[in-house]
There are 2 protein chains.
Amino acid sequence: MPTVEFLPARASVEASSGTSLVTAARLAGVEIDLPCGGDGSCGRCIVRVAGGEVDTESLGRIPSAASSSGYVLACRTRIRDRAVTVEVPERADANGQFADSEARSLVAPELLPKADDIAPLVRKRLLRVEPPRLDDGRSDVDRLAAAIGGAVTCSLPAARSAAVALREEEGRVTVSLGTTGGGVRILDVEPGDTTSRSYGVAVDLGTTSVAVQLVYLPTGAVLATESDYNGQIPCGVDVISRINFAARSGGLEELRARVLETVNRLVCEAAFSRGVNPGEIRQAAVAGNTVMTHLLLGLPPEFIRLEPYTPTVLEPPVLSAAEIGLGICPEAPVELAPCVGSYVGGDITAGLLCTDMALETHEINLFIDIGTNGEIVVGNADFLMSCACSAGPAFEGGGIECGVRAAAGAIERVTVDPETGGPSWRTIGDEAPVGVCGSGMIDLLANLLRTGWVNPRGELERTRKSDRIEVEGKRARYLVVPAAESATGRPISISETEIDNVIRAKAAIYSAAALMLERIGLGFEDLGTIYIAGSFGRFLDLDQAIAIGMIPDLPRHAYRYLGNASLTGTFMTLVSRAHRRRQLEIARRMTNIELSTIPEYMDQYTAALFLPHTDGARFPTIAGAARRGRSDD
Amino acid sequence: MPTVEFLPARASVEASSGTSLVTAARLAGVEIDLPCGGDGSCGRCIVRVAGGEVDTESLGRIPSAASSSGYVLACRTRIRDRAVTVEVPERADANGQFADSEARSLVAPELLPKADDIAPLVRKRLLRVEPPRLDDGRSDVDRLAAAIGGAVTCSLPAARSAAVALREEEGRVTVSLGTTGGGVRILDVEPGDTTSRSYGVAVDLGTTSVAVQLVYLPTGAVLATESDYNGQIPCGVDVISRINFAARSGGLEELRARVLETVNRLVCEAAFSRGVNPGEIRQAAVAGNTVMTHLLLGLPPEFIRLEPYTPTVLEPPVLSAAEIGLGICPEAPVELAPCVGSYVGGDITAGLLCTDMALETHEINLFIDIGTNGEIVVGNADFLMSCACSAGPAFEGGGIECGVRAAAGAIERVTVDPETGGPSWRTIGDEAPVGVCGSGMIDLLANLLRTGWVNPRGELERTRKSDRIEVEGKRARYLVVPAAESATGRPISISETEIDNVIRAKAAIYSAAALMLERIGLGFEDLGTIYIAGSFGRFLDLDQAIAIGMIPDLPRHAYRYLGNASLTGTFMTLVSRAHRRRQLEIARRMTNIELSTIPEYMDQYTAALFLPHTDGARFPTIAGAARRGRSDD
């Protein structure tokens, strides 16, 4: 008889062909949730078939993206005549005790929502609703509303499930309640007590990367984080090319469909990994830059790039998941992070929640978010000023052939042998290398510069011999990993053209920050804390970022690296009304400067197209190290 | 060259193959609206190809039901090499001066909304919105909201069209504004001044028939009325069989889809007949009985037929057209008529608006709505009491082989020759006969009874010879129209079994009315006015309805026939807030009696299964006429 092995328990059982996975699990002593009794309606018995073949009728009941990854409903799946391996997701318990996301640990604890702050927009309530009686003329929804009390409206999907839910456990039902402008709204009605299953999702919608976080709402615990490339990348690598693509016939609809596919797939993965049905996710918070926000909502973005650069919306209203197209509970309220201007969007107003910049501080602080666009904010409790520059996707693994996102197999550290030019590298998760992520790219360039294998103009050293430098005509290329050692079977290397891309990206960011400070009569030395946000890798090496001139040469203790601050800030607005209010305040207070209207920007930018900068005096510790390096020779 | 003829102008023009209908119309001097400039986006150049062949790219731009009837977008349609006939719809002008619906003329003028009452939920406003400026950080929606003033929310579809609309005529736009619980909501934004195009639709959702009325909102003028059978009929002829069908797998979804298909097709026909794009309809009011209301909203109806007969909702909230699935402006608010109980629904609370029953009157009045269910209401300003009985669809052309709805070709009057039993009949529109409608059925049965060709038990006369009576075994059949004279090529006849259906229907109604009055200590003689609603035919012949015992034998001046009161009342709630409030009040005030819980009902019903009644004293004028008839012999 074929064997069925259940992971992670490693419990095995022999079962005859045609046995359902639910039966096999019971025989193996593995617990699988079956609240609907196995009729395929609740979707809670999701498992992943990791090996072997099965017959499943799960199709149509779970999203196709998930089923192509092997996810099936255990109650609808039978084994064939060979061995099968089944992964049973780790269940979220009522206290949601799971490892928190790494990025949160980068944020000062006093800025995160406290237990008292946890107040999501949606909450569950267990009710006992009076049974229907012949002498009681009230409808099901009337009695339900009376049990809740006050001004209550009922959504159509909630009304659709009310009659059956009210009769299943003698009027004992759990309602999901949302607070909207007009009062309390019933989003959903479930039979029995499901108050321990209350989930929300935070979404960071980047031009290059999309990240989602599944959150247990009652405690604000992060249950799972998933991220991937934005499915819109084939339509253009930066927001300008996306805007152009949207102008084509059907282009806007395609962009909207593509980003929704990415988000919905990640939401499914996060949910399924914790045994949660995406339909149980009843609140969402989403942050994206202004263009991404428009594309998600299907708003034509073309006027964002035409003078006077006016977006359709800055502060989107609360919308339902169904209106937006999110594959969660259709009536779930979705709050979008408010944008400030055409190129300073919701990712920034979310990210600023990870800083003390809008709070009472003595100092003036700086916030730099390095993504496909670079955004810079300076200010304190009295003023907030922002600007944006186009950095390109070089730090997120885009626009560079060997560039990858910061995920398993990405090279995040590279040292360079001064003598031979040979690299040694380390990957995330110590897996075989697939490419170089943002922090790896910065590390590589800084070390090539420090060892002299790249000169301040970004040209590779041709006069000294290294088997790592290949010259093709006028351009040269540096080989990080030969094909034989790479996980992809292709060599991992970077060309001088690609080094130029990195230099342009870092120059755009540095010069924008420098210019903005200059405009308000400040210099870098006047700043208290400098917050750096961006998903380069797990940790940005400040010395290396300063070495290539991406960020100013200030005492290292002035810096605070935040990781994906947009995602962390969005998580905060999901679970705390106070943080959401602070975000709206930040957006309303911020003044945006349009760099393209400032003639000096081009000069500043050109001066920064050098490693670290044409004005060496701006980077004294780097110049000092270089001098020391030379005197060591 | 092929000829293109435009109707109703009868203007012809010769045009080469491949010429678009827009060009041909211009050459022929026929005006066709082209507000979008001919790019197929506005849908206002709808015409119907009545003859000949064309190449059209209209698909996907107009509903499929409409395109299968020959409707095309003139801007997207080209002629081939043969003659084409094109019907150009009559345009609704700004004053909406069109023939009003017949049914309205049956309602006392003082009950209809006056000019001062006209206050629809949705209104259009022409705005001049400030242009975007570099020094003005506001988004398009922000400036739009500022131009409206006050607390304004913007729907997602409105936001999607805002950017382009605001830039088309230098900020001159027309907004459609809806008033919701939470303030004013922008449903839609159109460039330029479209305030003269403001439409709503009233829908009467009957078990057997569906009727829609296209209304010009600013004046409350009725532009078009369309009706047809409810597409759910193949799933069951009455509400009980529909409830059973809904319990099947996928049954509820099928019923919902079928009724939406009927409603949306009728809305298209009404709109296109007046050159209106269904997307320009921005408000709807819908009335249906409780089961039809549940089926339209996709609410499981099963508990309506199970004790204690509790529906999911009685007073549905305002929903958007998109939530319900109506093919009009997706954000259009849809108000559903409130229901009172499981079998006294929104059609009754709508119909009562055509009466003075909830107003200050000295008399106690009675309202009888005769549809597939019969509903009866008695009361005045102090009390309102209702009950329902199952009449079956006999008076609406259902359950009887030759039965048809009251439409062109339906026999609405039949006289019977006392000597030969031969009929003479009249059809609606004087067209060739297709069947017998409700009023025709009553007329036929009353005249067969009066002439002795049917006896009081509903049996056809077999002893006298008539070539109209065919005996098949134990049952006989009366031939109204032989196959050769019928429009369908099939004979139009009625069997004794079908006569029984009519008798059961009239007995259910009479006995319910009699019993309800008895319960509150009243008799028919205590009543002031008796309102009769139902869509039997154009006019119900009271003498004939009394002759068969459907309604009590009272002075004829006590009766007022209202036609389709549900549709007329729904029209009133569409255009007048005061009437909508009155409807909600009526629903809240009404007390419902469940006849099935009253043992005497069965006795009353059995006694009424006779023409006119087993107790002849209840119908003195009929008995008198019969005596006179016999003495004449």
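Since the model is a prediction, treat every value here as computed from it, not as a measurement.

1. Let's talk about the sheet that holds strand 9 (residues 152–154) of chain A
All names here are of chain A.
Link 1 in the chain: Taking strand neighbours across the sheet as the criterion, the four strands line up as 8-10-11-9 in an open arrangement whose pairing is mixed. On the outer flanks of this sheet lie strand 8 (122–128) and strand 9, each paired with one strand and no other. Between one strand axis and the next, the sheet turns through 40 degrees on average, direction left out of account.
Link 2 in the chain: Pairing of strand 9 with strand 11 (residues 183–191), which is carried by three bridges, proceeds in the parallel orientation. Among the inter-strand pairings, Cys154 is bridged to a residue of strand 11, identified as Ile186.
Link 3 in the chain: On the sheet, helix 3 (residues 140–148) packs against strand 8, strand 9, strand 10 (172–180) and strand 11 and is oriented at approximately 145 degrees with respect to strand 9.

2. Observations concerning the sheet that holds strand 5 (residues 71–73) of chain B
Residue and element names in this part refer to chain B.
Link 1 in the chain: One open sheet accounts for five strands, arranged 2-1-7-3-5; its pairing is mixed. Two strands lie at the open edges of the sheet, namely strand 2 (11–14) and strand 5, each paired on one side alone. Sheet twist, expressed as the average angle between the axes of neighbouring strands with direction ignored, equals 35 degrees.
Link 2 in the chain: Bridging between strand 3 (residues 46–51) and strand 5 involves three bridges; their strand directions are antiparallel. Residue pairing for strand 5: Ile46 is matched across the bridge by Leu73.

3. Describing the interface of chain A and chain B
Link 1 in the chain: Facing 35 residues of chain A, the contacting portion of chain B comprises 35 residues.
Link 2 in the chain: Mapped by element, the contributors of at least two residues to the side of chain A that touches chain B are helix 3, strand 9 and helix 4 (156–168) of chain A.
Link 3 in the chain: Looking at which element gives the most residues to the side of chain A that touches chain B, the answer is helix 4 of chain A, with six residues.

4. Let's talk about the pairing of strand 1 (residues 3–7) of chain A
Residue and element names in this part refer to chain A.
Link 1 in the chain: With four bridges joining them, strand 1 and strand 2 (residues 11–14) adopt antiparallel strand pairing. Bridge assignment links Val4 to a residue of strand 2, and that residue is Val13.
Link 2 in the chain: Taking the residues between adjacent antiparallel strands as the criterion, strand 1 and strand 2 are bridged by three residues, where Arg10 takes a positive phi near 60 degrees.
Link 3 in the chain: Note: strand 1 against strand 7 (residues 84–87), four bridges, orientation parallel. Looking across to strand 7, one finds that Val4 is bridged to Val84.

5. Notes on unusual backbone geometry
Link 1 in the chain: The residue after Glu307 of chain B, namely Pro308 of chain B, is reached through a cis peptide bond having omega 0 degrees.
Link 2 in the chain: Relative to the assigned elements, Pro308 of chain B resides in the loop between helix 7 (290–297) and strand 16 (319–320).
Link 3 in the chain: Going from Leu611 of chain B to Pro612 of chain B, the amide bond is cis rather than trans, its omega being -10 degrees.
Link 4 in the chain: If you trace the backbone, Pro612 of chain B turns up in the loop between helix 15 (600–607) and helix 16 (620–632).
Link 5 in the chain: Even without being a glycine, Glu170 of chain A presents a positive backbone phi close to 55 degrees.
Link 6 in the chain: Within the fold, Glu170 of chain A resides in the loop between helix 4 and strand 10.

6. A closer look at the relation of the copies chain A and chain B
Link 1 in the chain: Rotating chain A by 180 degrees and moving it 0.1 Å along the rotation axis overlays it on chain B with an RMSD of 0.2 Å. The superposition operator between the copies reduces to a two-fold rotation axis.
Link 2 in the chain: Most of the interface of chain A is mirrored in chain B, where 100% of its interface residues are also at the interface.

7. Section: the packing of helix 3 of chain A against helix 4 of chain A
All names here are of chain A.
Link 1 in the chain: Running from amino to carboxyl end, helix 3 crosses helix 4 at an angle of 85 degrees, the nearest separation of the two axes being 9 Å. Considered as vectors, helix 3 and helix 4 are oriented roughly perpendicular to each other. Residues Asp140, Val141 and Leu144 of helix 3 pack against Ala159, Ala162, Ala163 and Leu166 of helix 4.
Link 2 in the chain: Among the residues making up the contact of helix 3 with helix 4, the classes are represented as six nonpolar, no polar and one charged.

8. Here's the deal with helix 3 of chain A
All names here are of chain A.
Link 1 in the chain: Considered for burial, the residues of helix 3 that qualify are Asp140, Val141, Arg143, Leu144 and Ala145.
Link 2 in the chain: Of the surrounding secondary structure, the elements contacted by the buried residues of helix 3 are strand 9, helix 4 and strand 11.
Link 3 in the chain: One or two steps after helix 3, the chain reaches Gly149, where phi turns positive at roughly 85 degrees.

9. So, helix 1 (residues 21–28) of chain B
Residues and elements named next belong to chain B.
Link 1 in the chain: Of the residues making up helix 1, those classed as buried are Leu21, Val22, Ala24, Ala25 and Ala28. For helix 1, the angular spread of the buried residues around the axis is 160 degrees, confining them to a single face.
Link 2 in the chain: Looking at the buried side of helix 1, the elements it contacts are strand 1 (3–7), strand 2, strand 3, strand 6 (77–79) and strand 7 (84–87).
Link 3 in the chain: Looking one or two residues past helix 1, Gly29 carries a phi angle of roughly 75 degrees, positive in sign.

10. Thoughts on the nonpolar core
Link 1 in the chain: Counting 395 residues, the largest nonpolar core has Val215 of chain A together with Val215 of chain B as its most contacted members.
Link 2 in the chain: Apart from the residues within four sequence positions on either side, Val215 of chain A is in contact with Tyr199, Gly200, Val201, Ala202, Gly220, Ala221, Val222, Leu223, Phe571, Leu574 and Val575 of chain A.

Reading the values: the criteria
Residues numbered from 1 in each chain as written. Chains lettered and ligands numbered in written order. Predicted model: local features only at pLDDT ≥ 70, side-chain atom pairs only at ≥ 80, totals over all residues. Pairing = 2+ DSSP bridges. Helix = DSSP H or I, 4+ residues; strand = E, 2+ residues; numbered from the N terminus. Axes fitted to C-alpha atoms, helices over the stretch in contact; angles between N-to-C directions. Contact = placed C-beta atoms within 7 Å. Least-squares fit on C-alpha atoms with pLDDT ≥ 70 in both. Parallel < 35°, antiparallel > 145°, perpendicular 65-115°, else oblique. Nonpolar A, V, L, I, M, F, W, Y, C, P; charged D, E, K, R; others polar. Buried ≥ 20, exposed ≤ 12 C-beta atoms within 10 Å, placed from the backbone. Arc of directions from axis to C-beta. Core = buried A, V, L, I, M, F, W, Y, C linked by C-beta atoms within 7 Å.

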